[in-house]
Amino acid sequence: MSRSFTARLVVAVTLVAAAIISIGLFIDYRISRERIVTDLEEGARSSIAAAVLRIRELTTGLEASVLFLGEAIDEVPNESRMDSVLRSVIDRNPNVFAAAIALDPSVTKSPAGLAPYIYRKSGSLVRTDLTKAAAPYWEEPWFAAIRDLGRAAWVEPYYEDTGANTEITTFSAPLYRSGCDGQQRFIGVATIDLRLRDLHDYLDDLRIDKRGFGFLLTAQGTLVGAPDGVVISSPIDQILESDNISDWESWLQADSAGPRQTEVRCPDSEEPCELLLAGAGNNQWSLGLVYSEYAFLRPLRDYQVRMLIMGTGMLTLMALVVSVVARRLTAPLLALSRASGSIARGELDVELPTPTGDDEVSQLINSFDSMRHDLGSYIRDLESAAAQRSRMDGELSAAREIQMAMLPQGGQAVLDDEAISLWARVRPARAVGGDLYSLHQTGRQLLISIGDVSDKGVPAALFMARAISLIQQWEVQPATVPPDLALLQLNEGLTRDNDNCMFLTLFIAVLNLDTLTLRYASGGHSAPVLLREGQPKILEQDRGPALGLQEGLTFPVNELQLRSDDRLVIYTDGFDEAQNTADELLGEDRLCEILARPDNLPLAEAGDAIFAAVDTFTDGAPQFDDMSLMLLEVPGQRRAALQAEHSSLTIDQSLPGQAARWLEEQWQAQGLPSGALFDMQLVLEELICNVRDHAQTEDNATLSLGLERFIDRVELECVDPGQAYNPLTEANRSELGENTEDVSIGGLGLHLITKLTTRQSYRREEGRNILRLRLDIAPPSQDDQNTVTGD
């Protein structure tokens, strides 16, 4: 489904639409919530303000009635008069539940005092006497507190058990009479009572939600309200809890210019509610309102849920519609996609969808059809070009073989003489190139040459063929022509009919094998490098110009006296001008370092090592120019083997034991370090077992072993006639620590050979595998060396 354009289109449209709807619902919820909360707070404040006005109106009327009672009492209070006044006050004010006049016992005839109390009951007024209460009435807060306070005040709610048997709150006012001395004397108190149930009726319209309620808060922190439907009076800290208020008394007594608001827990749940509190006037009461924003927002949340459900349904329906429409619109694209797969497989005759109209899809189909026809034409042209390229590659391959055949030994030459050893190799940058070398021995004289034709490829190869034929004519002349004269003759031959102005740089030399005197001339060619005692040195030479540009030129002759152990390196500029991926040239200094590294190696190994080192420097960059290398070495004690032994052993089951005994005998006979014998025996055993078990040799085939000692190393050579196999490159090297059951054949043996020997080399010659292993050892002292060589 992830690969279907229709599915991805449906998913993308649905997700975008869902995001838009979600964002819209979120914004609508935030705006609606803010508006509802704002309206709720404003409504709560308005409700409290209205309730404050009603409570003030109520208390003001009640307080006036109490003052009327005080004024209506005669100088000498009369019980019947008191009853009449009390009944008159209750009748005139329906909000008054009860009224009383309680005289101080000091002004009454009876020690029990006088305190008529009239209250409402079942539509009528009932009289009782507070002197019959269980406790003296003058000790009650509504009497004692007012007496001590000396002014009228509301008393904290209490339960009246004399006859009314209900919770009430009382407004009491002190009564005073002038004495003979003109001083005001306290004679008692006048009270009116207000039932808490009747008081709560004034607060009932403060309830603005089911979980909220309105209440009256007295000056002492008593809450009068009905949070659960039943009117109660309890301290506020027993009814309401708030994380924001640790001390309700301090919070209530704090000055506030207007209504105060804080968050509390709803009485019937752990949900948060809001508390709004405002003063009710001079009576030191406060009115409060508890309401739940969460409850008020429930309809909004329910609306959001309904909208989400509807939105989900709409999205599902929209996805179906988009899927149907997208399938109809993308059907030609799907058919075109299937057709493109067939075209990718080469089926250019596949049927394309029929274009309808001139829309973008139709234009795409027409363009695709045009591309299909163009692609068919291109493929036919490409096949034709590939066929031509194949023929050209075949011709170039044949040309390369022909060119290499023009060089001594096919492009890689080896010459061994008792006086001199030579190794040469040419590596063209392309199939064919312009580099050349030549060697020819006439009696005790060795004629050598190495050159580089300007340009590369086929033109350079043709010019090189012309040059090599002229050089070979020089080499076979009856009398040896000196190098300077040879260059002159070659220049004359190459200059004729050279309309393309191609040229050749050439190093040509004649070596006397008896005296080791090298006479050479250079036609614009780089100077050779002499390795003497392991130190490279670029020879100073007098040279003439390149060949083939102008007739009548002369070339100076140079002479070099070679010594034992000297190695002369002659090369073309493909070496010192080799470039790496950073376009950096190798240069003569780096080249001299490379030439000196394999100084102790045999010529063939040293030549391969030099080519490999240059390839390492170029780091994968393509070969820019043809590369030719010639190594000329004078045998000497430093490179010659001090001792050499060879033996042939039959390849059978006894081969490992025979080889081990032979190695031990030769090792001891040549005085080699005994500490290295065990390592070499392990290596030889690995080689012998691999040859015996996997070489697939004929019956009675023999294996040749050779052990050669040099001053600073010992070399072991193993030659077998088995099938071609290079263990250094073809064996699958196993990981150290790998399960022995999983390792490949020869994998661990390759680790052993490379770890216990210094250098390894392999070559295939005349149907034989030749593996040569080198182990570096400490050079012997001069006395030991004389003993080894027999001096």
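The following paragraphs examine the structure supplied in this document. Predicted model only: the values in this text are computed from it and were never measured. (Residues numbered from 1 in each chain as written. Predicted model: local features only at pLDDT ≥ 70, side-chain atom pairs only at ≥ 80, totals over all residues. Heavy atoms only, no water.)

### Re the sheet that holds strand β2 (residues 116-121)
Within the open sheet, the 6 strands sit side by side as β3-β2-β1-β6-β5-β4. Their pairing is antiparallel. On the outer flanks of this sheet lie β3 (124-129) and β4 (153-160), each paired with one strand and no other. Put simply, the sheet's adjacent strands are angled 25° from each other on average, direction ignored. Inspection of the sheet shows strand β1 (residues 98-103) paired to strand β6 (residues 184-195) by 6 bridges, in the antiparallel sense. Paired with Ala100 across the strands is Thr191, a residue of β6. (Pairing = 2+ DSSP bridges. Helix = DSSP H or I, 4+ residues; strand = E, 2+ residues; numbered from the N terminus. Axes fitted to C-alpha atoms, helices over the stretch in contact; angles between N-to-C directions.)

### Notes on the pattern of salt bridges
Scanning all chains against the criterion turns up 20 salt bridges. For the salt bridge of Arg147 with Asp148, the shortest nitrogen-to-oxygen distance reads 3.5 Å. For Asp148, a relative accessible area of 62% corresponds to the exposed category. Between Asp566 and Arg532 there is a salt bridge; the shortest N-O distance is 2.5 Å. Placement of the pair is Asp566 in the loop between β21 (558-561) and β22 (567-571) and Arg532 in strand β19 (residues 529-532), with a sequence separation of 34 residues. Look at Asp566 and you get buried, because its relative accessible area is 2%. Judged by relative accessible area, Arg532 falls into the partly exposed class, the value being 23%. By sharing partners, the salt bridges in this structure join Glu708, Arg713, Glu715, Glu717 and Arg772 into a single network. (Salt bridge = Lys/Arg side-chain N within 4 Å of Asp/Glu carboxyl O. Buried < 20%, exposed > 50% of the residue type's maximum accessible area, 1.4 Å probe, protein only.)

### Quick word on the state of the cysteines
The final tally for this structure, using the stated rule, is 1 disulfide. Here Cys266 is linked by a disulfide to Cys273, with a sulfur-sulfur distance of 1.7 Å. Across the disulfide from Cys266 to Cys273, rotation about the S-S bond amounts to roughly 85°, and the bridge is consequently right-handed. Of the two residues examined, Cys266 and Cys273, each falls in the buried class. No disulfide involves Cys718; its nearest neighbouring cysteine sulfur is the one of Cys689, lying 11 Å away. (Disulfide = S-S within 2.5 Å.)

### A look at the packing of helix α1 (residues 5-72) against helix α2 (residues 79-92)
Where α1 contacts α2, the two axes come as close as 10 Å, and the packing angle between them is 160°. Classified by the interaxial angle, the pair formed by α1 and α2 is roughly antiparallel. The handedness of the crossing between α1 and α2 comes out as right-handed. For the pair α1 and α2, the contacting residues are Ser65, Phe68, Leu69 and Ala72 in the first and Arg81, Val85, Leu86, Val89 and Arg92 in the second. Per-class residue counts for the contact of α1 with α2 are 6 nonpolar, 1 polar and 2 charged. (Parallel < 35°, antiparallel > 145°, perpendicular 65-115°, else oblique. Left-handed = near helix turned anticlockwise from the far one by under 90°. Contact = heavy atoms within 4.5 Å. Nonpolar A, V, L, I, M, F, W, Y, C, P; charged D, E, K, R; others polar.)

### Things to note about the environment of Ala278
You can see Ala278 is positioned in strand β11 (residues 272-279). Sequence spacing of Ala278 and Glu293 is 15 residues, and the spatial spacing of their C-alpha atoms is 19 Å.

### Considering the sheet that holds strand β24 (residues 643-650)
Strand order in the open sheet formed by 5 strands is β24-β25-β26-β28-β27, with antiparallel pairing between adjacent strands. The open sheet is flanked by β24 and β27 (759-765), the only strands paired with a single partner. The average angle at which neighbouring strand axes cross in this sheet is 15°, direction not considered. Two elements, β24 and strand β25 (residues 702-709), share 8 bridges in a ladder whose sense is antiparallel. Looking at the pairing, Leu649 lines up with Leu703 of β25.

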